[in-house]
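In case you want the letters, here they are:
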Amino acid sequence: MNPTMDPAKELMSPGHLACAGCGAAPAMRWALEALGPRTIVVMPACCWSIICGPYPHSALRVPTFHTAFETGAVTAAGIRASLDMQGLQDINVMVWAGDGGTFDIGFQALSAAAERNDDIIFVCYDNEAYMNTGIQRSSATPAGAWTTTTPGGKIRPKKNLVEIMAAHRIPYAATASIAFPDDFISKMTKAKGIKGTRFFHVLATCPTGWRIPSSHTVKLARLAVYSRAFPLYEVEDGERYTITVHPRDLPLRDYLEPQGRFRGLTKDQIEGLQEEVDRTWNRLTRLAGWSS
Amino acid sequence: MQRKSGPDGALPPGSITFSDMSWNRTGSWRYLKPKFVRKFSPCSESCPAGNDVEGFLFLAGEGRYEEALAKILQESPFPGVCGRVCCHPCESACNRRISDDAVSIQGIERFVSQFEPSRPPQPGEPREEKVAVVGSGPAGLSCAYHLRRLGYSVTVFEKEDVLGGMLCLGIPRYRLPRRVLNRDIDRILALGIGLETGRRVGKDMSWDELLAGRDAVFLAIGAHAHVGLKIEGESCQGIMPGTGFLKKVNLGLPAALGRRVAVIGGGNTAMDCARVALRLGSRPVVVYRRTREEMPAIEAEVQEALEEGIEFEWLTSPVRALVDDGRVAGLQCTRNRLADPDDSGRRRPEPVEASEFVLDADTVITAVGEAVDLAVLPHGLKVEKGVVWIDSWGRTSMERIWAGGDSGPDQRMVVHAIGAGKKAALSIHATLRGNDIEGIAEPLRIGSSGSFSMERYLQGEQGGAVPVREVVRPEQINLDYFEHVPRIVQPRRAPSDRVQGFEEVNGGYDKNDADLEAKRCFHCGTCDLCGNCWRFCPDLCIRSGDVPGMNLLDDFHCKGCGICAEECPRSAIVMEREL
């Protein structure tokens, strides 16, 4: 309540090139708010490569390293090694990658860094397709979603990346949402105090690719959490699951129907997706010890 | 923006940035622009007295009780009274009902009424004109109060020896203790109001005498005349009008009640009569021709009467009084069934054939409505449907005479009377100043209900967000930002304890409960600096304004996405077309 609202104190400037209503923009704001000015951002190819602005300008007021699609995690690991050699342990190195640079193209470097437990924070801001290049499907695109490369709706479900990362036995992996700033910032603050590979999966609504009005960005992200399509939880040391935001008793339909990318779904298909969501949720509640 | 470096002025090698992106005018992408506004809350709109309900709840929620009380006193001089006996249309309109229960606005008004206002009401700059107010009930005193604040010299004429009208003579003390009423009345009188008690205008003095040397008269004589049941045997001993009965008890006079008292009617007067009779040691039964659902009494009054063990005969009408030796000895009644709705929208009762029975009663109290005593009205004053005819600004058919309250066509509730008095005060003021009342009132209106803000008239528009003359609808509230919090019930004394005497039934909130209850307010249409717009803005375009309660927009960068308006919990941001 009654926060001091002063954009001059932010580590990100306005005038950036994100589309109106972009969900990835507040995500970056909050990540930097939690991590503070002693942070280096590593950016593989993604929407944010553009959002950040053209050379010689940058919307971020912290050092930012743009790098190739495959190399987010390994570039960060290199910067970390260099900082460590200089004795600059207090500087955070954060990879800021889209779902393509995390789930698909950047995955081997991420997996390798996690296996080495390199001391970096890897944030995937997931807008569920290659939005920047014209809405092509990625392995983060949910089943049923229209993209330009899945005109009839994607068939396979979204990859469960947090569980894959947890399987690397890294100290911290979490989901976060642009609809829940307190949860987002407290998880990032917690991660800041942990050494080793820390992984964030942030659902960042894309009004352009999801076919929704720009004003509904936060609303849809909230519905994703409340309908259990995107539960908010964290996994410590690959084992301890904690659900951090209680969902509400909303059917998946409430989340899918407002989105143009799900317009083609039949009632039966929605029921099928609901079953999948229920299964995933039940599995999560078992892991979190809510049920046996 | 590009810094030259090196002897030849070329760009330096390597990826070094020289500025952020704030030079980039992304505001040019926009065709919709957010605007911070202040809308009306439905509670304020529905208050006949024109209280800024949202405003005083905000102050109460902050613990600023003295300021909250001062806010109420801008519109109504009766916070202690309304905090207890108002029918609270504000709560019926409260948007919180779509989430859980309405905020207990009345409970909070009652709580703050016990403090001293931060700014006591003051008489206005003295004006020459003199106004007489006839009747010292809520309508009359409200009119006198506002006229004094507007600077007029006011004299109140009251036929009784005590002030307050029905507040004093009608409402029993277990609902409205006399010290609470006197506190509100004393605050009004402290403005410097002349009093003439014990003189009935139209009887002890003529209207011409009253009008001589006065520029305006507000007629608020109430409705005290008895309306009979129109049944056989009605004139016998033991049958008495409800208002007369309540008046006797309130004045401490003996009221000859029997052992079994039948109270006829379903309004607040009926509830009061039954509960008073119970406290005087009788066994009352309420006879009402429709069902509980159609009863015009305030729901809580019915509930409390039931808790106290008062019997009800619903769907029952008296047809004949049985008389024995000139005294009532029972009531012949018929059962009813409900037919189609009548003009009042309530379902019309019709008798069930051969259902008559005798109700045991040795006293009958009639509470089927009160009429205006037309005999004391000025000669030639237009009367319509048994009440004084007035226009929408309280003007009667005669020059220099205004009217309102129970003697006019308003709903016969305390808060409607307070509103009528206030409305007449502004109307008299406009006329005496030679202004058009509609022109003055238009910018003061609170939504479309007809109530208006005296605070805005006396102090002008407050700073901060742009006022929009629109009332927040429930679907404009973003319920995702409000937890379900049940309404806090005010403590009431146990029924067995309260029927022993006339101690107040309702205990009111303590500080803790009042704080929690006030914080349940959604603050529909008014920014409370929650910070959502700032927090979610993808383009960092919101910052704190210099005026509390008002944020500022960075015009240069705002892309017009509309997230701020969508995520505003209380609909205090609107998107406006720019192109």
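1. Quick word on the overall build of chain B
Phase 1: Regarding its fold elements, chain B presents 20 helices and 23 strands.
Phase 2: In terms of principal-axis extent, the alpha carbons of chain B reach across some 125 × 55 × 40 Å.
Phase 3: The buried share among the 579 residues of chain B stands at 56%.
Phase 4: Sequence-distant contacts, at least 24 apart, represent 72% of the contacts inside chain B between residues at least 6 apart.
Phase 5: By element, 49% of the accessible surface of chain B is carried by carbon and sulfur atoms, the whole surface being about 24,400 Å².
Phase 6: Placing the 72 positive and 81 negative side-chain charges of chain B at their respective mean positions leaves the two points 1 Å apart.

2. Points about a nonpolar patch on the surface
Phase 1: A grouping of A:L17, A:I50 and B:W29 is seen on the molecular surface, where their side chains present a nonpolar patch of about 260 Å² in accessible area.
Phase 2: Secondary-structure assignment places B:W29 in the segment before β1 (32–40).
Phase 3: Relative accessible area serves as the criterion here: at 39%, B:W29 is assigned to the partly exposed category.

3. Observations concerning helix α11 (residues 267–287) of chain A
All names here are of chain A.
Phase 1: When the terminal C-alpha atoms of α11 are compared, their 30 Å separation across 21 residues agrees well with the 30 Å that a helix rising 1.5 Å per residue should span.
Phase 2: If you check which residues of α11 are buried, you get I270, L273, V277, W281, L284 and T285. End-on, the buried residues of α11 take up no more than an arc of 115 degrees, which puts them together on one face. Of the exposed residues in α11, those oriented more than 90 degrees away from the buried face are D268 and R279.
Phase 3: On its buried face, α11 sits against β7 (233–236), β8 (240–243) and α10 (252–256).
Phase 4: Note on α11: the residue one or two positions beyond its end, G289, has a positive phi of about 75 degrees.

4. Thoughts on helix α2 (residues 53–61) of chain B
Residue and element names in this part refer to chain B.
Phase 1: Burial runs high along α2: eight of the nine residues are buried.
Phase 2: Every buried residue of α2 is accounted for by V53, E54, G55, F56, L57, L59, A60 and G61.
Phase 3: Buried residues in α2 make contact with α1 (42–46), α3 (65–73), α5 (89–93), α6 (105–112) and α18 (511–518).
Phase 4: Once α2 finishes, G63 follows within two positions and takes phi at roughly 80 degrees, a positive value.

5. Things to note about the pattern of salt bridges
Phase 1: According to the stated counting rule, one finds 75 salt bridges over all chains in the structure shown.
Phase 2: A salt bridge links A:D84 to A:R80; the nearest nitrogen and oxygen atoms lie 3.3 Å apart. Note that A:D84 and A:R80 are positioned in helix α3 (residues 72–85) at a spacing of four residues, about one turn of the helix.
Phase 3: A salt bridge links A:R80 to A:D119; the shortest N-O distance between them is 4.0 Å. Residue A:R80 is found in helix α3, and its partner A:D119 is found in the loop between α5 (107–116) and β4 (121–126); the two are separated by 39 residues along the sequence. Comparing A:R80 with A:D119, the two get one shared label, buried.
Phase 4: By sharing partners, the salt bridges in this structure join B:R175, B:D272, B:R275, B:R279, B:E301, B:E304, B:E307, B:E308, B:R492 and B:R498 into a single network.

6. Some thoughts on the nonpolar core
Residue and element names in this part refer to chain A.
Phase 1: In terms of nonpolar packing, the biggest core is built from 71 residues, with M28, W48, L60, M94 and W96 touching the most fellow members.
Phase 2: Examining the composition of this core, we find that nine residues originate from one element, helix α1 (residues 24–35), more than from any other.
Phase 3: Not counting residues up to four positions away in its chain, the partners in contact with W48 are M12, A24, A25, M28, M43, L60, H66, W96 and Y125.

7. What to know about the pairing of β7(A)
Remember that side chains alternate between the two faces of the sheet whenever the strand is regular.
All names here are of chain A.
Phase 1: On β7, burial covers both faces: Y233 and V235 on one face and E234 and E236 on the other are all buried.
Phase 2: Summarising the sheet, strand β5 (residues 172–177) and β7 pair through three bridges and their orientation is antiparallel. Each residue of the ladder has a partner; that of A173, found in β7, is V235.
Phase 3: Relative to β8, β7 runs antiparallel, the two being bridged by four bridges. Across the sheet, residue E234 finds its bridge partner in β8, namely T242.

8. Here's the deal with the sheet that holds strand β23 (residues 573–577) of chain B
Residues and elements named next belong to chain B.
Phase 1: An order of β20-β1-β23 is seen for the three strands of this open sheet, with the pairing classed as mixed. With partners counted over all chains shown, the strands left at the sheet margins are β20 (466–471) and β23, one partner each. Taken pair by pair, the neighbouring strands of this sheet meet at an average axis angle of 55 degrees, ignoring direction.
Phase 2: Where β1 lies against β23, five bridges are found, and the strand directions are antiparallel. Pairing of L32 across the sheet is with R577, part of β23.

9. Here's the deal with the packing of aromatic side chains
Phase 1: What the rule picks out here adds up to 16 aromatic pairs over all chains.
Phase 2: For the ring pair A:F122 and A:F199, a centre distance of 6.0 Å and an interplane angle of 25 degrees mean the geometry is stacked. Taken together, the positions of A:F122 in strand β4 and A:F199 in strand β6 (residues 198–203) put the pair 77 residues apart, joining distant regions of the chain.
Phase 3: Judged by its relative accessible area of 1%, A:F122 is buried.
Phase 4: Each residue in the set A:W30, A:F184 and B:F536 is aromatic and connected to the rest through ring pairs, giving one cluster.
Phase 5: Between the NZ or CZ atom of A:R29 and the centre of the ring of B:W534, over which it lies, the distance is 5.4 Å.

10. Side note on the pairing of strand β1 (residues 39–43) of chain A
Residue and element names in this part refer to chain A.
Phase 1: Counting buried positions along β1 yields five of five residues, so the element is predominantly enclosed.
Phase 2: Residues T39, V41 and M43 line one face of β1 and the alternating positions I40 and V42 line the opposite face, and both faces are buried.
Phase 3: Bridge count between β1 and strand β3 (residues 92–97): four bridges; the pairing is parallel. Opposite I40, over in β3, you have V93 as the bridge partner.
Phase 4: Here β1 pairs with strand β2 (residues 64–66) via three bridges, running parallel. Bridging from a neighbouring strand, V42 pairs with F65 of β2.

11. Let's talk about the environment of A:A224
Residue and element names in this part refer to chain A.
Phase 1: Structurally, A224 is set in helix α9 (residues 217–226).
Phase 2: Assessed through its relative accessible area of 0%, A224 is described here as buried.
Phase 3: In contact with A224, not counting residues within four places along its chain, are L203, A229, F230 and Y255.

12. Side note on the environment of A:L252
Residue and element names in this part refer to chain A.
Phase 1: Position of L252 relative to the elements: it lies in helix α10.
Phase 2: Judged by relative accessible area, which is 4%, L252 ranks as buried.
Phase 3: Along the primary structure L252 and A224 are separated by 28 residues, whereas in three dimensions their C-alpha atoms are 8.0 Å apart.
Phase 4: Apart from residues lying up to four places away in sequence, L252 is in contact with S227, A229, L273, Q274 and V277.

Cut-offs and rules
Residues numbered from 1 in each chain as written. Chains lettered and ligands numbered in written order. Predicted model: local features only at pLDDT ≥ 70, side-chain atom pairs only at ≥ 80, totals over all residues. Heavy atoms only, no water. Helix = DSSP H or I, 4+ residues; strand = E, 2+ residues; numbered from the N terminus. Buried < 20%, exposed > 50% of the residue type's maximum accessible area, 1.4 Å probe, protein only. Contact = heavy atoms within 4.5 Å. Areas by Shrake-Rupley, 256 points an atom, 1.4 Å probe, with all protein chains shown as cover. Lys, Arg positive; Asp, Glu negative; His and termini not counted. Charge placed at Lys NZ, Arg CZ, Asp CG, Glu CD. Patch = residues over 30% accessible without salt bridge, like charges linked within 9 Å, V, L, I, M, F, W, Y side chains within 5 Å. Salt bridge = Lys/Arg side-chain N within 4 Å of Asp/Glu carboxyl O. Expected span 1.5 Å × (residues − 1). Arc of directions from axis to C-beta. Core = buried A, V, L, I, M, F, W, Y, C linked by side-chain atoms within 4.5 Å. Pairing = 2+ DSSP bridges. Axes fitted to C-alpha atoms, helices over the stretch in contact; angles between N-to-C directions. Phe/Tyr/Trp six-rings, centres within 6.5 Å; stacked < 30°, edge-to-face > 60°. Lys NZ or Arg CZ within 6 Å of the ring centre and 35° of its normal.

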